[in-house]
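# Coordinate analysis (summary)
The primary structure of each chain is shown beneath.
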Amino acid sequence: MAKIPYKIYLDEKEIPRSWYNVRADMKNKPAPLLNPGTLQPMKAEELEGVFCKELIAQELDNDTAFFKIPDEIVEFYKMYRPSPLMRAYRLEKKLGTPAKIYYKFEGNNTSGSHKLNSAIAQAYYAKKQGLKGVTTETGAGQWGTALSMACAYFDLDCKVYMVKVSYEQKPFRREVMRTYGASVTPSPSMETEVGKRILAEHPGTTGSLGCAISEAVEVATTSEGYRYVLGSVLNQVLLHQSVIGLETKAALDKIGEKADIIVGCAGGGSNLGGLIAPFMGEKLRGENDYKIIAVEPSSCPSFTRGKFAYDFCDTGMICPLAKMYTLGSGFIPAPNHAGGLRFHGMSTILSQLYHDGYMEATSYKQTDVFEAAELFARTEGILPAPESSHAIKGAIDEALKCKEAGEEKTIVFGLTGTGYFDMVAYESFHDGKMSDHIPTDEEISQSLAKLPKSE
Ligand SMILES: *Cc1c(COP(=O)(O)O)cnc(C)c1O
């Protein structure tokens, strides 16, 4: 019999009461957002037309280590948190590795991913400010689903701009959002000025996250009582997602285990930033060392092939500039099945940490990722989201390295969600029809040549 159980559960009382802000322990702080017109750091007042006030305070605060989680949010978290930390005994056995593999499973709620952790926080602050509603974009649909659940809970209106290709390929996601009361519009649309402009420039485009962000921001800033919310990339989102890492650390401490390697998939960086937060804090303070690996798709390789530079967060170039690893805001990745990983940039916090050598990054092509997903489903039973499967693939590769070296390391990875709405992707994999689009060096350098000149 295994000494450590398959599931390491925390008690409801052990839900974190504060979010941890890793910026407080960073010597080199993430670079500030810049006003796209003046190229000066954005001030809180300038952001108030777009974002909720308290969220702006969280966004700009590089020094406060802990933010109290309001009781109403803790109450909501109780519906699905603490999430389990699982020991992947069956996967370990299948791989024949001496490594110990753990995964933090965030797919245990109806929205099916970690995104609900921040959605509920953002909806709470919008409600507290007395707003009528919020606008947002969604790629694969997970963020839109999470936000529509959170808005239903606080009785807020929710307008979602959904990347057109997903809107058409994922009608079930769309209906889940409508069930929670959200309105869902395919993007680019003819409803906004920026949507019309993008459609005129790229007729027939199936959209991108960057386009949908531009539309949602335009609607928020031109509608009374609305603000825009974003499900990844921003500092505030990483702050909210720190519940993942805080719980993971508490569960490991409970069983007397120390992680050696921590792996997460990286789209905009929020789940990874949240998972690693307390561990990175220890690393930054020199208390402990961890090998931290970000895994991204080869089709959208921001860390591994992008440039660390100021860039727009959206295709319409109306949002502030962020200093991050980017492929260029005009980069529209090939229609890879991991919709949540198709953003051209990366969190400024993770970008700075990666730049300073505190973490590593790697990329995989999607057929390899789906092979890992299938192995995981067959051994561990959970049907993983394509995004999460990047982390699975990363963890498997680390476990196989341990096998070769005969090392008993402890690997922890983030299993961000379930893949029930991604069966079209699984189908194309099973039918041997899945292709691996990898952008050429020319494509990437052409896109990077259009970066804004800010330095
Ligand atoms: C959105 C999403 C991701 C990627 O977003 P991050 O902000 O990088 O965490 C990963 N997994 C799932 C299941 C998602 O929905």
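Residues numbered from 1 in each chain as written. Predicted model: local features only at pLDDT ≥ 70, side-chain atom pairs only at ≥ 80, totals over all residues. Heavy atoms only, no water.

### Focus: helix H5 (residues 116-128)
Filter applied, for reference: Secondary structure elements are defined from DSSP: runs of H or I of at least 4 residues count as helices, runs of E of at least 2 residues count as strands, and each element is numbered from the N terminus. Multiplying 1.5 Å by the helix residue count minus one yields the expected span of that helix. Exposure is judged per residue with a 1.4 Å probe applied to protein chains only, and the accessible area is read against the type maximum: over 50% gives exposed, under 20% gives buried, and values in between give partly exposed.
With 13 residues, H5 extends 18 Å between its outermost C-alpha atoms, agreeing within 8% with the 18 Å of an ideal straight helix rising 1.5 Å per residue. The element H5 is extensively covered by neighbouring structure, given that 11 of its 13 residues are classed as buried. Every buried residue belonging to H5 is among Leu116, Asn117, Ser118, Ala119, Ile120, Ala121, Gln122, Ala123, Tyr124, Tyr125 and Ala126, and all of these are buried. Trailing H5 by a residue or two, glycine 130 shows a phi angle of about 80°, which is positive.

### As for the nonpolar core
Applicable threshold: Within this scheme, the nonpolar core is defined by two criteria: the residues are buried Ala, Val, Leu, Ile, Met, Phe, Trp, Tyr or Cys, and they are joined through side-chain atoms within 4.5 Å. Should any heavy atoms of two residues lie within 4.5 Å, those residues are considered in contact.
The biggest cluster of nonpolar side chains holds 39 residues, and the ones touching the most others in it are Trp19, Ile73, Tyr77 and Leu147. Broken down by secondary-structure element, the contributors of at least two residues to this core are helix H3 (71-77), H5, helix H6 (142-154), strand E7 (157-163) and helix H11 (235-254). Residues contacting isoleucine 73, with those up to four places away along its chain left out, are Trp19, Ile120, Ala121 and Tyr124. Ranked by size, the runner-up nonpolar core spans 37 residues in total, among them Ile8, Ile244, Ile276 and Val412.

### Observations concerning the environment of lysine 393
Within the secondary structure layout, lysine 393 lies in helix H16 (residues 386-405). Owing to a relative accessible area of 15%, lysine 393 belongs among the buried residues under this scheme. Sequence separation between lysine 393 and tryptophan 19 is 374 residues; the distance between their C-alpha atoms is 29 Å. The contacts of lysine 393, once residues within four sequence positions are left out, are Tyr364, Asp368 and Ala372.

### A short note on the site of the ligand
Condition: If a single non-hydrogen atom of a residue is within 4 Å of a molecule or strand, that residue counts as near it. What qualifies as a polar contact is a pair of N or O atoms within 3.5 Å, subject to a donor-acceptor requirement within protein and to the restriction that residues adjacent in sequence count only when both atoms come from side chains. In this description, accessible areas are obtained by the Shrake-Rupley approach with a 1.4 Å probe, and a residue is regarded as covered only by the protein chains that are shown. In this analysis a 1.4 Å probe is tested at points of a 1 Å grid over the protein atoms alone, and where it fits but cannot get out there is a cavity; an open set with protein on both sides within 12 Å along at least five of seven lines is a pocket; lining residues have an atom within 4 Å of a point. Molecule-in-pocket calls rest on the fraction of atoms, with more than half required to lie within 2 Å of the cavity or pocket grid points. All residues other than Ala, Val, Leu, Ile, Met, Phe, Trp, Tyr, Cys, Pro, Asp, Glu, Lys and Arg, Gly among them, are scored as polar; the first ten of these are nonpolar and the last four charged.
Around the ligand sit 19 residues in total, of which Lys115, Ser232, Gly267, Ser270 and Thr416 are the nearest. Contact distances for the ligand include 3.0 Å between an oxygen atom and a backbone N or O atom of glycine 268. With respect to the ligand, the backbone of glycine 269 contributes an N or O atom lying 2.8 Å from an oxygen atom. Look at the ligand: alone it shows 380 Å² of surface, and the protein chains cover 98% of it. With respect to the pocket detection grid, the ligand is positioned in the largest cavity. Each residue belonging to the shell around the ligand can be placed in one class, and the counts come to 4 nonpolar, 13 polar and 2 charged.

### Overview of the pairing of strand E12 (residues 307-312)
Convention followed: Should DSSP find at least two bridges between two strands, the strands are regarded as paired.
In terms of residue burial, E12 counts as a mostly covered element, since 5 of its 6 residues are buried. By the bridge criterion, 6 bridges tie E12 to strand E13 (residues 321-326) in an arrangement that is antiparallel. When the bridges of E13 are listed, alanine 309 appears paired with methionine 324.

### Topic: the domain arrangement of the chain
Put simply, the test is: Where a domain begins and ends is set by an automatic assignment or by a domain database. Accessible area that two parts lose when put together, evaluated with a 1.4 Å probe and summed over both, is termed the buried area.
Per the domain assignment, the segments of the chain are domain 1 (7-14 + 82-112 + 241-448) and domain 2 (18-68 + 114-235). For domain 1 versus domain 2, the distance between C-alpha centres works out to 22 Å. At the interface, 48 residues of domain 1 touch 49 residues of domain 2. Carbon and sulfur atoms make up 63% of the surface buried where domain 1 meets domain 2, a total of about 4200 Å² over both sides.

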